[in-house]
Protein chains: 2
Amino acid sequence: MAVPPKPPVGEFDGGCVFIDGAYAPLSEGKISLFDWGFTRSDATYDVVSAWQGAFFRLDAHMDRFFASLATMRLVIPYNRDELRQILHGCVRAAGLKDAYVAMVCTRGVPPRGARDPRLAQNRFYAYALPYVWIASREKQLAGIDLFISERQRIAAESVDPKVKNYHWIDLVQSMFDAYDRGHDTSCVVDANGHVTEGPGFNIFMVKDGVVHTADRGVLEGISRRTAIELCERLRIPLRVAPLPADEVRSADEVFLTSTGGGILPIAKIDGRPLKQFPGPVTSRLHGAHWAMRDEAAYRDPVDYRDRTP
Amino acid sequence: MAVPPKPPVGEFDGGCVFIDGAYAPLSEGKISLFDWGFTRSDATYDVVSAWQGAFFRLDAHMDRFFASLATMRLVIPYNRDELRQILHGCVRAAGLKDAYVAMVCTRGVPPRGARDPRLAQNRFYAYALPYVWIASREKQLAGIDLFISERQRIAAESVDPKVKNYHWIDLVQSMFDAYDRGHDTSCVVDANGHVTEGPGFNIFMVKDGVVHTADRGVLEGISRRTAIELCERLRIPLRVAPLPADEVRSADEVFLTSTGGGILPIAKIDGRPLKQFPGPVTSRLHGAHWAMRDEAAYRDPVDYRDRTP
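Source: prediction; values computed, not measured.

**Student:** Just to check I follow, could you spell out the nonpolar core for this structure?
**Tutor:** F55 and F124 of chain A together with F55 and F124 of chain B are the most contacted members of the largest nonpolar core, which totals 72 residues. In this structure, F55 of chain A is in contact with V48, S49, A50, L87, H88, V91, V101, Y298, R299, D300 and V302 of chain A, ignoring residues within four places of it in sequence. One finds Y127 of chain A together with I19, L26 and Y125 of chain B within the second-largest nonpolar core, a separate group that totals 54 residues.

Written as structure tokens, this is what we have:
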């Protein structure tokens, strides 16, 4: 185990990376062309947000990250407390109140000529950037138009969707499908034509007062979990089951969940306006999500003070 | 279009990268942590070999690379002649006679806060390393033990296997499956249990004098193509069709094809010796492959002379 250094305070304008065991400006955030994290996308990661100076559900994100590491047989040289300290350190070093904070582990570079991943030294990276919205404020107000692409999300039999991973060619190509047709963003389906997820978000629909979201083949997003928990709290009926594309198209309301925006309403599917935008259930959940960020149980405040003597 | 600079001669010991439009030592081969080539594995690449001072089938590899770029909607700032010049330049700058030469294009980094891949400036990288064997010489002689994992290769409905890509979590995890059981390397199957490919190679079997290889769901490897063409030349019966795992297990001979070794015999499947190792058909094709490298039509010799005045 390595001991992370003391983070600087507000030293790195616009963001901070933690690389090779030290805090550094974003421009130093680079990985080797020969790291399997690039040449095999043999990596896992997680992203947590900080808002108004506090992390939201950091423990849940760290739990998922450690679970992903175990499934991928990746190891980082830090324990949970040290990881927390590094993530706080990145935000503090960048002086950000609202931040997008990533933790990343790659396989690393095996010795020259070897093709055995067991011989590689795994690499750990973290960084804090200004908070990223999955869609711009203007687009959120104007109403996001979501295209349901026929491309299939990589199946769970190939890559475990519970392990947050960078295998996104299907998702990125679906974005081009959407742009080609004049839509704003996209989602993909499974082999049965059920809606799975989009690039960086889970999908929910509301029909006759019941909230629905996919049960499998999707990332178990922390924001998805928040939406599910808020339905329980607010006694909104919830059904977690496959989402046929046609039912999503004819839903009363549709919303997406993401660390990059929380709970955001969708206005149109495939260019056709939904019955309600923003719908009453979505608006209620949206407000409850932002209120939940103020609850002590989910907040992990960043200490921005300079403690050097 | 950019004009690639004149390559140095034998300046970079152990390998050379071409990055940001210039030749550099391997240690400078780095990409941004924020390049979608890493954070979405939104990239394509190709690998060609040079042997005894000449590239083998460089045109075929460049054809495939440009086709992959088009499908992925990626653009490099070099035309075909310039690309050839850069690849030759990497080998020349590293002074390598036997080389593993890669060409890579990533999506790049979209402007801060934007999540639109159309706004990113695509990035091009190339490098030459000492020739890489898919298995060590010792292992080749002792006999490679191939494990058929039950993991499924990412389906064509999600990621086009004809586009050479870095989505390898399924393949890398199958390697761990193999190591756990004491085998040397691995391959994965499709949803029907048919053998597809391994980490960096295609698979062939020989049964009653007929050579078989998978028809779909696999990379259309250039070495696979070479093996197919050699069967035609040598009038060895060939069948390109799905490969049931049990038929591979009970085959007379099995071999793999890869830029990292050409045509290599497999000795065991799941730990059980095959009927013949190395088998007569495999040995014939192995020899024909190395002979083919000497044919002028497929050779592209590197000029290692220093032409500075």
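**Student:** Teacher, can you tell me more about the interface of chain A and chain B here?
**Tutor:** A common way to state how big an interface is: give the accessible area lost once the parts meet. Contacts between chain A and chain B engage 58 residues on the former and 58 residues on the latter. Buried surface at the junction of chain A and chain B, both sides included, amounts to about 5200 Å², of which 65% is carbon and sulfur. Among the residues of chain A in contact with chain B, F38, R115 and I169 of chain A are the three that bury the most area, contributing 15% of the side total. The interface formed by chain A and chain B includes two salt bridges. Put simply, R73 of chain A and D180 of chain B hold a salt bridge, and the shortest N to O gap is 2.4 Å.

**Student:** I tried to follow the packing of helix α6 (residues 222-233) of chain A against helix α8 (residues 280-292) of chain A on my own but got confused; where do I start?
**Tutor:** The angle between the axes and the distance between the axes are what describe a pair of packed helices. Residue and element names in this part refer to chain A. Here α6 crosses α8 at 105°, and the two axes come no closer than 10 Å. In terms of orientation, α6 and α8 fall into the roughly perpendicular class. Here α6 contributes T226, A227, E229, L230, C231 and R233 to the contact with α8, which in turn contributes L285, A288, H289 and M292. Grouping the amino acids of the contact of α6 with α8 by side-chain chemistry returns six nonpolar, two polar and two charged.

**Student:** Explanation requested: the sheet that holds strand β1 (residues 16-19) of chain A in the structure shown.
**Tutor:** Strands belonging to one sheet form pairs held by backbone hydrogen bonds; the direction of such a pair is parallel or antiparallel. Residues and elements named next belong to chain A. Pairing is antiparallel in the open sheet, where seven strands are placed in the order β2-β1-β7-β6-β4-β5-β17. The strands lining the two open edges of the sheet, one partner per strand, are β2 (22-24) and β17 (299-301). Put simply, the sheet's adjacent strands are angled 25° from each other on average, direction ignored. The pairing of strand β4 (residues 43-51) with strand β5 (residues 54-56) spans two bridges and is classified as antiparallel. Residue W51 lies in a different strand from β5, and its bridge partner there is A54.

**Student:** Can you walk me through the relation of the copies chain A and chain B in this structure?
**Tutor:** The operation relating the pair of chain copies consists of a rotation about an axis and a translation along that axis. Mapping chain A onto chain B calls for a rotation angle of 180° and an axial translation of 0.0 Å; the resulting RMSD is 0.0 Å. With respect to symmetry, the two chain copies, as superposed, fit the operation of a two-fold axis. In this assembly, 100% of the residues forming the interface of chain A have copies in chain B that are likewise at the interface, indicating an isologous arrangement.

**Student:** Is there a simple way to explain the sheet that holds strand β5 (residues 54-56) of chain B in this structure?
**Tutor:** Residues and elements named next belong to chain B. Taking strand neighbours across the sheet as the criterion, the seven strands line up as β2-β1-β7-β6-β4-β5-β17 in an open arrangement whose pairing is antiparallel. Pairing within the sheet leaves two strands with one partner each, and these edge strands are β2 (22-24) and β17 (299-301). Put simply, the sheet's adjacent strands are angled 25° from each other on average, direction ignored. The sheet contact formed by strand β1 (residues 16-19) and β2 spans three bridges and is antiparallel. Residue pairing across strands places V17 opposite A24, the latter belonging to β2.

**Student:** Any chance you could explain the side chain of Q152 of chain B here in plain terms?
**Tutor:** Mapped onto the fold, Q152 of chain B is located in strand β8 (residues 144-152). With a relative accessible area of 19%, Q152 of chain B lands in the buried category. When sequence neighbours within four positions are dropped, the list of residues in contact with Q152 of chain B reads E157 and S158 of chain A together with D170, V188, V189, D190 and A191 of chain B.

What counts as what
Residues numbered from 1 in each chain as written. Chains lettered and ligands numbered in written order. Predicted model: local features only at pLDDT ≥ 70, side-chain atom pairs only at ≥ 80, totals over all residues. Heavy atoms only, no water. Core = buried A, V, L, I, M, F, W, Y, C linked by side-chain atoms within 4.5 Å. Buried < 20%, exposed > 50% of the residue type's maximum accessible area, 1.4 Å probe, protein only. Contact = heavy atoms within 4.5 Å. Buried area = accessible area lost by both parts, 1.4 Å probe. Salt bridge = Lys/Arg side-chain N within 4 Å of Asp/Glu carboxyl O. Axes fitted to C-alpha atoms, helices over the stretch in contact; angles between N-to-C directions. Helix = DSSP H or I, 4+ residues; strand = E, 2+ residues; numbered from the N terminus. Parallel < 35°, antiparallel > 145°, perpendicular 65-115°, else oblique. Nonpolar A, V, L, I, M, F, W, Y, C, P; charged D, E, K, R; others polar. Pairing = 2+ DSSP bridges. Least-squares fit on C-alpha atoms with pLDDT ≥ 70 in both.

All quantities given are derived from atomic positions and should not be read as evidence of function.
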